[in-house]
Amino acid sequence: MEKFIEIKDVSFSYINDYDDPPTKNTVLKGVTLDINKGEFVAVLGHNGSGKSTLAKLLNSINLPESGDVFVDGMNTRDEDKLYDIRRTVGMVFQNPDNQIVATVVEEDVAFALENIGVEPSEIRKRVDWALKKVGMYEYREHAPHKLSGGQKQRIAIAGVLAMQPKCIVMDEPTAMLDPIGRREIMQTITELNSEGVTVVLITHYMEEAARAGRVVVMDDGKILLDGAPKKVFSQAELLKSVGLDVPDVTDLTHGLIRAGIDLPDDIISEDECVERLYQLLKKE
Amino acid sequence: MGIIRTEDLTYVYGEGTPFRKTAVDGVNLDIEAGEIVGIIGHTGSGKSTLIQHFNGLLKPTSGKVFIDGEELFADKSRLKEIRFKVGLVFQYPEYQLFEETVYKDIAFGPKNMGLTDGEADKRIKETARLVGLKPELLDKSPFELSGGQKRRVAIAGVMAMEPKVLILDEPTAGLDPRGRDRILGLIKEYHAEKGTTVLLVSHSMEDVAKTVSKILVMNDAKVFMYSDRSSVFAKADELTAMGLTVPQVTRVFDRLRAMGIEFDDEVFSIDYAKDLVLRLLAEKRR
Ligand SMILES: Nc1ncnc2c1ncn2[C@@H]1O[C@H](COP(=O)(O)OP(=O)(O)OP(=O)(O)O)[C@@H](O)[C@H]1O
Ligand SMILES: Nc1ncnc2c1ncn2[C@@H]1O[C@H](COP(=O)(O)OP(=O)(O)OP(=O)(O)O)[C@@H](O)[C@H]1O
Ligand SMILES: [Mg+2]
Ligand SMILES: [Mg+2]
């Protein structure tokens, strides 16, 4: 497997200037993580565990205090590579309001493409494609700041899709979406991933993480668990102890196991849960 | 008569521009005092626009809004007073934090209402504890907090005003599961203790199912339905067609029923689902 992202023993601190005297808050504490090309990794962790801080290391917004981060072989400290790194890793930030840059939706989506020097005709094509992908094509001439919360979120996602980067990092992209919107974005992510795009998805929805190829759990600036979703979610107690949870269907089956029912402890999808319960309850 | 009532409420954005949009269209509502109501609806269906009418942030294009029997905007001099009755926690409220410390941010509303320092202090510490903010965070700048921590500060700021009606626009979006449970538990507790009317806008059917007694479904600027939880979630197909869904456990048991497993129960919670499976197994063995 080809390593695509290498995070090597990285620590990161914020200096809180508001405090008097300023204090140092170390929020990543020796994180080591390799992500292979084409992987779909979900990152879970309690509020404040360092997920967004970690994400911003991947396109040089944050630079490690110690240790190194490599993206497609480029050290994120290397200023000459900044442009290439930002082209390689597209990022959807946690709050869509913070990334609106233009006064018209389609210009907003085109912004990054213009910056990286894509041909105008190609820009037109990609912007239309991306807006259709997120179901916001009819809104292309609207003002982004006058959209609803979920609509803004879709625009932010379109902006990154249009860049067609090798790697997409999404920081809670579905937090404001309705259920179908959430499902559609998950479908888009899965589709892109199957076409070879490396995906890092930060989420507080356990059901979304269950659909990734791999789940990384952060706790207080460290990596607590790292493995296949089935393996990670079988550790319900540990997850709950760090502010997280398991998918509802896992919670249900674990409850039944405790009540003495014979079921596997690694059910994480709805389909699997329905099938197992059906086998259990159907008439002989 | 209910605590929140609307008559043919309509709101249009961008009148006279090419982007004219009727975001709320002829809405008639009557919400009883003390109710805890979930508001669901697809992206852009008009939820945020609707609730911003309830504390006079938006003025109806046409139609009327009554709070506690009093018509909003009928008498301008009463507006401020009525606003204190209705506390609104915005979507992404954390981006409206602006004070130097968390403490001062929570204090803003209560001070504005004219509470004494001592009284405000009591409420601030009490609400901070309720929403799970550690005391040492009170002296920090809100800008140093994580997304989820900021959310709690914003919610605490409105709760500390102890309004008669508490409206929260997606209060759990972006919170970790423990934070989500805590905020929902806190909303329920707050509701039970103070008898406050609560309106909870949410995209999480699971959160809605475990928190509210009634559900308002918005679809394309109109009210699709305002009814109790089971009547709403019984309409799984209609909900799906309008961008919504039912809670995951409800879906699991809807599917089992469709596959021929026989039971009459409506399932909205994991605990109920577990008991149901155990009961069905016991019946099967008999
Ligand atoms: N710009 C900043 N300045 C100072 N401290 C910060 C800043 N951003 C985050 N922090 C602190 O760093 C820690 C990690 O924050 P981060 O935003 O990475 O967490 P997170 O896991 O993304 O949380 P959430 O789920 O709430 O988004 C938190 O304790 C937070 O208070
Ligand atoms: N300031 C504004 N100017 C013009 N149109 C607006 C404005 N705010 C919202 N709209 C439009 O009004 C409609 C309703 O928006 P609203 O924010 O009420 O939806 P919502 O149900 O809260 O959606 P979400 O679930 O995404 O938050 C949308 O089509 C939106 O584009
Ligand atoms: Mg974050
Ligand atoms: Mg809204």
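For the structure, see preceding data.
Residues numbered from 1 in each chain as written. Chains lettered and ligands numbered in written order. Predicted model: local features only at pLDDT ≥ 70, side-chain atom pairs only at ≥ 80, totals over all residues. Heavy atoms only, no water.

Engineer: Tell me about the site of ligand 1, residues and numbers included.
Structural biologist: Not every one of the 20 residues close to ligand 1 is listed here, only the nearest: Gly48, Lys51, Ser52 and Thr53 of chain A together with Glu144 of chain B. Near ligand 1, the surrounding residues belong to chains A and B. Residue Gly48 of chain A places a main-chain N or O atom 2.7 Å away from an oxygen atom belonging to ligand 1. The side chain of Thr53 of chain A places a nitrogen or oxygen atom 2.5 Å from an oxygen atom of ligand 1. Considered on its own, ligand 1 offers 640 Å² of accessible surface; in the complex 83% of this is hidden by protein. Where the shell around ligand 1 is concerned, the elements lending two or more residues are β1 (3–16) and α1 (51–55) of chain A together with α5 (147–159) of chain B. When grouped by side-chain class, the residues that make up the shell around ligand 1 number 3 nonpolar, 14 polar and 3 charged. (Near = heavy atom within 4 Å. Polar contact = N/O pair within 3.5 Å; in protein donor to acceptor, adjacent residues only side chain to side chain. Areas by Shrake-Rupley, 256 points an atom, 1.4 Å probe, with all protein chains shown as cover. Helix = DSSP H or I, 4+ residues; strand = E, 2+ residues; numbered from the N terminus. Nonpolar A, V, L, I, M, F, W, Y, C, P; charged D, E, K, R; others polar.)

Engineer: Lay out the site of ligand 2 in plain terms, naming residues and giving numbers.
Structural biologist: Not every one of the 21 residues close to ligand 2 is listed here, only the nearest: Ser148 and Gly150 of chain A together with Lys47, Ser48 and Thr49 of chain B. One finds residues of chains A and B in close proximity to ligand 2. Contact distances for ligand 2 include 3.2 Å between a nitrogen atom and a backbone N or O atom of Lys146 of chain A. In the model, an oxygen atom of ligand 2 is placed 2.8 Å from a nitrogen or oxygen of the Gln151 of chain A side chain. Protein contacts shield 88% of the accessible area of ligand 2, which totals 640 Å² for the unbound molecule. Looking at the shell around ligand 2 residue by residue, the classes come out as 4 nonpolar, 13 polar and 4 charged.

Engineer: Give a detailed account of the pairing of strand β3 (residues 40–45) of chain A, specifying residues and quantitative values.
Structural biologist: Residues and elements named next belong to chain A. Within β3, 6 of the 6 residues are buried, leaving the element largely enclosed by the surrounding structure. Residues Phe40, Ala42 and Leu44 of β3 are buried on one face, and the alternating residues Val41, Val43 and Gly45, pointing to the opposite face, are buried as well. Sheet topology places β3 next to strand β8 (residues 198–202); 4 bridges connect them, and they run parallel. In the sheet register, Phe40 faces β8, and the bridge partner there is Val199. Where β3 and strand β9 (residues 214–219) come together, 5 bridges link them in parallel fashion. Looking at β9, one finds that Val41 is bridged to Arg214. (Buried < 20%, exposed > 50% of the residue type's maximum accessible area, 1.4 Å probe, protein only. Pairing = 2+ DSSP bridges.)

Engineer: Can you lay out the interface of chain A and chain B for me, pointing to particular residues and giving the numbers?
Structural biologist: Every contact between the two is made by 62 residues of chain A and, on the other side, 49 residues of chain B. When chain A packs against chain B, close to 4700 Å² is buried across both sides, 60% of that on carbon and sulfur atoms. Broken down residue by residue, the surface that chain A buries against chain B is led by Asn47, Met176 and Leu281 of chain A, which jointly contribute 15%. Across the pair Arg255 of chain B and Asp271 of chain A runs a salt bridge, and its minimum N-O distance is 3.0 Å. At the boundary of chain A with chain B, the tally comes to 16 residue pairs in polar contact (both at pLDDT 80 or more). Taken together, the elements giving at least two residues each to the side of chain A that touches chain B come down to α5 (149–163), α6 (179–194), α7 (206–209), α9 (236–241), α10 (248–258) and α11 (270–281) of chain A. Tallying contributions element by element places α11 of chain A first for the side of chain A that touches chain B, with 10 residues. Residues belonging to the side of chain A that touches chain B are distributed by class as follows: 23 nonpolar, 19 polar and 20 charged. (Contact = heavy atoms within 4.5 Å. Buried area = accessible area lost by both parts, 1.4 Å probe. Salt bridge = Lys/Arg side-chain N within 4 Å of Asp/Glu carboxyl O.)

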